Amino acid sequence: MNIVEKVKEEVVNIAHTIYKEALVFETWGNVSSRPTESQVVITPSGIPYEKMHFVDMVVVNIDGEVEQGKWKPSTELPLHLAVYKARKDVKAIIHTHSVFATAFAVSRQDIPVVIEDLAQVVGGAVRVADYGQPGSNELALNAVKALGQEGNAVLLANHGLVVLGRDLSTALQRCRVIERNAQITMWSKLLGSPFMLKPEEIAQLRKNFLFDYGQKEQKMENEKILRE
Ligand SMILES: [Zn+2]
């Protein structure tokens, strides 16, 4: 199996996972990953997740021209390509419409850091990008602007969530953690005013996670990424 085929398998597996976990529904949301600098594997447009298979994956070049696949790529292809062009460190993107994160996107409020896991795996609050029509270049540009060179996730105003990663499993973990934080923040607002973690506490949690948490191989990988 060559690298493109391996990535096609990963993308379809992640697509099925986010569907099963209700981070997306029906045909909305999309997943991509880049096997090489100049190629992107992305889910097709308008195919229900339950019916989506390996053979339905679309391979495009970095300018969006289809190289492999029988379907049109996701309508959010401009968003995926704009992020990949702006961020050499990003190898995977997951776009969800998960309910609690989208509630923040609708009220155009950042998802604050209220518990350790968001600080650890995302590194800070999830900001809201300016509004753009779904599938438009404006939406793509607004998301890239809000992400900057450091952001790992961004909310699309009145729409959903976009999460980046150096691989698909990292991006998936971030999707889950962000949704959980959004839900906990909303519940805690019902109880009163949630206390936010302070910037220095967030920075310390992120640092500890990158350098002290988990096994040796992961720590070496994190150090390598931070040096790049
Ligand atoms: Zn969407």
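Residues numbered from 1 in each chain as written. Predicted model: local features only at pLDDT ≥ 70, side-chain atom pairs only at ≥ 80, totals over all residues. Heavy atoms only, no water.

Enquirer: Residue-level account of the coordination of the zinc ion, with values.
Expert: Listed as protein donors to the zinc ion are His 95 (NE2), His 97 (NE2) and His 159 (NE2); their distances from the metal cover 2.0 to 2.1 Å. Counting the intervening residues between successive donors of the zinc ion yields the motif H-x1-H-x61-H. Take His 95: its relative accessible area is 1%, and that puts it in the buried class. (Donors = N, O, S within 2.8 Å, 3.2 Å for Na, K, Ca; no water. Buried < 20%, exposed > 50% of the residue type's maximum accessible area, 1.4 Å probe, protein only.)

Enquirer: Residues and numbers for the pairing of strand β7 (residues 153–156), please.
Expert: Side-chain alternation along β7 places Ala 153 and Leu 155 on one buried face and Val 154 and Leu 156 on a second face that is also buried. Across three bridges, strand β6 (residues 127–129) lies against β7 in parallel orientation. Bridge assignment links Ala 129 to a residue of β7, and that residue is Leu 156. Each parallel crossover has a hand, and for β6 linked through helix α5 (residues 137–147) to β7 it is right-handed. Direction of pairing for β7 relative to strand β8 (residues 160–165): antiparallel, over a ladder of four bridges. Across the sheet, residue Val 154 finds its bridge partner in β8, namely Val 162. (Helix = DSSP H or I, 4+ residues; strand = E, 2+ residues; numbered from the N terminus. Pairing = 2+ DSSP bridges. Right-handed = clockwise from strand over helix to strand, strands pointing away.)

Enquirer: So what about the pattern of salt bridges? Which residues, and what values?
Expert: Inspection of the entire model under this criterion finds eight salt bridges. Where Glu 10 meets Lys 6, a salt bridge forms, and the shortest distance between an N and an O atom there is 3.1 Å. With Glu 10 and Lys 6 both in helix α1 (residues 3–20), this residue pair falls four residues apart, about one helical turn. Notably, a salt bridge pairs Lys 91 with Glu 37, separated by 3.7 Å at the nearest N-O pair. Of this pair, Lys 91 sits in the loop between α2 (77–86) and β5 (92–96) while Glu 37 sits in the loop between β1 (30–36) and β2 (39–42), placing them 54 residues apart in sequence. Note on Lys 91: relative accessible area 29%, which makes it partly exposed. (Salt bridge = Lys/Arg side-chain N within 4 Å of Asp/Glu carboxyl O.)

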